[in-house]
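Examination of the molecular architecture
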Amino acid sequence: PLSDRALGISNSNAFTGGSGTGKAYYGWRLRNTTGSAITSLTVTWTGEQWRRISNVNPQTLSLSYQTGTTVTNLTAGVWTSAGSTFTTPQFGSAAAVALDGNDPLYRLANISVTLTLVIAAGDEIMLRWEDLNDSGNDHLMAIDDVTVVANGLYTGVANGDWNTAATWDRNAVSPASANVLIA
């Protein structure tokens with residue numbers, strides 16, 4: 001049995017009726033249940049390449065997000081680029097070959113971005129990774145080791161040195177963090 005998993009896809013014309021213009025998405029929907037507004041999220045993830053196919057161009061997975069009271073659709077609405085991407089480390093005209101996406105040669109760990117936004121108590125954010133149906137053959141890319149940490153849940157007390165941890169007080173909520181290892 002395999003003990004490690006990654007979430008990915010090799011996009012192709014088969015997903016788009018042969019038009020070659022499609023995109024594949026996979027995402028993660030989160031709700032703010034902290035009782036307080038979240039003022040930023042830090043998203044850290046790993047990009048992995050599991051197959052190199054005959055294509056001389058590098059390909060990318062790009063992270064974007066959408067917030068609202070309810071976010072349920074990976075394609076509808078307005079999406080904001082997170083400025084966080086993974087580019088395939090292997091590409092070229094050689095014949096297709098399976099790769100081990102856990103090998104440091106075929107992965108980029110700790111891709112991290114902090115999203116400055118406000119997610120009100122009870123609201124949602126959906127993170128989505130976009131894989132274009134690139135021209136020619138598509139490499140197989142995946143995400144792994146996704147971590148999301150909510151920021152902005154601390155407030156200052158009335159007096160004290162702002163550089164001292166004791167000056168800061170956690171709101172009466174538990175930290176809003178999620179550590180999901182796709183394994």
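Residues numbered from 1 in each chain as written. Predicted model: local features only at pLDDT ≥ 70, side-chain atom pairs only at ≥ 80, totals over all residues. Heavy atoms only, no water.

1. Describing the overall build of the protein
- Each helix and strand counted, the protein has zero helices and 12 strands in total.
- When the helices and strands of the protein are read in sequence order from the N terminus, they spell out β-β-β-β-β-β-β-β-β-β-β-β.
- For the protein, with 183 residues in total, the buried portion stands at 38%.
- For the protein, the share of sequence-separated contacts (at least 6 apart) that also reach a separation of at least 24 residues comes to 80%.
- Within the structure as shown, the protein displays about 9500 Å² of accessible surface, and the carbon and sulfur contribution to it stands at 53%. (Helix = DSSP H or I, 4+ residues; strand = E, 2+ residues; numbered from the N terminus. Buried < 20%, exposed > 50% of the residue type's maximum accessible area, 1.4 Å probe, protein only. Contact = heavy atoms within 4.5 Å. Areas by Shrake-Rupley, 256 points an atom, 1.4 Å probe, with all protein chains shown as cover.)

2. Comments concerning the side chain of threonine 44
- In this structure, threonine 44 sits in strand E3 (residues 38-52).
- Classification of threonine 44 as buried rests on a relative accessible area of 19%.
- A polar side-chain atom of threonine 44 sits 3.1 Å from a polar atom in the side chain of serine 112.
- In this structure, threonine 44 is in contact with Asn110, Ile111, Ser112, Asp145, Val146 and Thr147, ignoring residues within four places of it in sequence. (Polar contact = N/O pair within 3.5 Å; in protein donor to acceptor, adjacent residues only side chain to side chain.)

3. Side note on the side chain of glutamate 124
- Tracing the backbone shows glutamate 124 in strand E8 (residues 124-132).
- Here the side chain of glutamate 124 touches valine 71 through a polar contact of 2.7 Å, landing on its backbone nitrogen.
- Apart from residues lying up to four places away in sequence, glutamate 124 is in contact with Arg29, Leu30, Arg31, Gln66, Thr67, Gly68, Thr69, Thr70, Val71 and Ile119.

4. Points about the sheet that holds strand E2 (residues 23-31)
- Strand order across the open sheet formed by four strands is E2-E8-E4-E5, with antiparallel pairing between neighbours. Pairing within the sheet leaves two strands with one partner each, and these edge strands are E2 and strand E5 (80-87). When strand polarity is set aside, the average angle formed by the axes of neighbouring strands in this sheet is 20°. (Pairing = 2+ DSSP bridges. Axes fitted to C-alpha atoms, helices over the stretch in contact; angles between N-to-C directions.)

5. Observations concerning the nonpolar core
- Trp45, Leu115, Ile125 and Leu127 are the most contacted members of the largest nonpolar core, which has 27 residues in total.
- Residue assignment for this core shows that the elements contributing at least two residues are E2, E3, strand E4 (60-68), E5, strand E7 (107-119), E8 and strand E9 (140-151).
- The residues touching isoleucine 125, leaving out its near neighbours within four places in the chain, are Trp28, Arg29, Leu30, Leu41, Tyr65, Gln66, Thr67, Leu115, Leu117 and Ile119. (Core = buried A, V, L, I, M, F, W, Y, C linked by side-chain atoms within 4.5 Å.)

6. Notes on the packing of aromatic side chains
- Inspection of every chain in the model, using the stated rule, returns one aromatic pair.
- An angle of 75° between the planes, with centres 5.7 Å apart, marks the rings of tryptophan 45 and tryptophan 129 as edge-to-face. Residue tryptophan 45 is located in strand E3, and its partner tryptophan 129 is located in strand E8; the two are separated by 84 residues in the primary sequence. Judged on exposure class, the residue tryptophan 45 and its partner tryptophan 129 are both buried. (Phe/Tyr/Trp six-rings, centres within 6.5 Å; stacked < 30°, edge-to-face > 60°.)

7. What to know about the pairing of E4
- Bridge analysis of E4 against E5 gives six bridges, and the strand direction is antiparallel. Paired with threonine 60 across the bridge in E5 is threonine 87.

8. So, the environment of serine 40
- Tracing the backbone through its elements, the reader meets serine 40 in strand E3.
- Spatially, the C-alpha atoms of serine 40 and valine 149 are 8.5 Å apart, while their sequence positions differ by 109 residues.

9. Quick look at the environment of alanine 142
- Summarising the element assignment, alanine 142 is placed in strand E9.
- Sequence-distant contacts of alanine 142, defined by excluding residues within four places in its chain, comprise Ala6, Leu7, Gly8, Tyr26, Thr46, Gly47, Glu48, Trp50 and Leu61.

10. A closer look at the environment of aspartate 145
- Within the element layout of this structure, aspartate 145 appears in strand E9.
- The partly exposed category is assigned to aspartate 145, whose relative accessible area is 28%.
- Along the sequence, aspartate 145 and alanine 6 sit 139 residues apart, while their C-alpha atoms lie 8.1 Å from each other.
- Among the polar contacts listed, one links the side chain of aspartate 145 to the side chain of arginine 107, at a separation of 3.4 Å.

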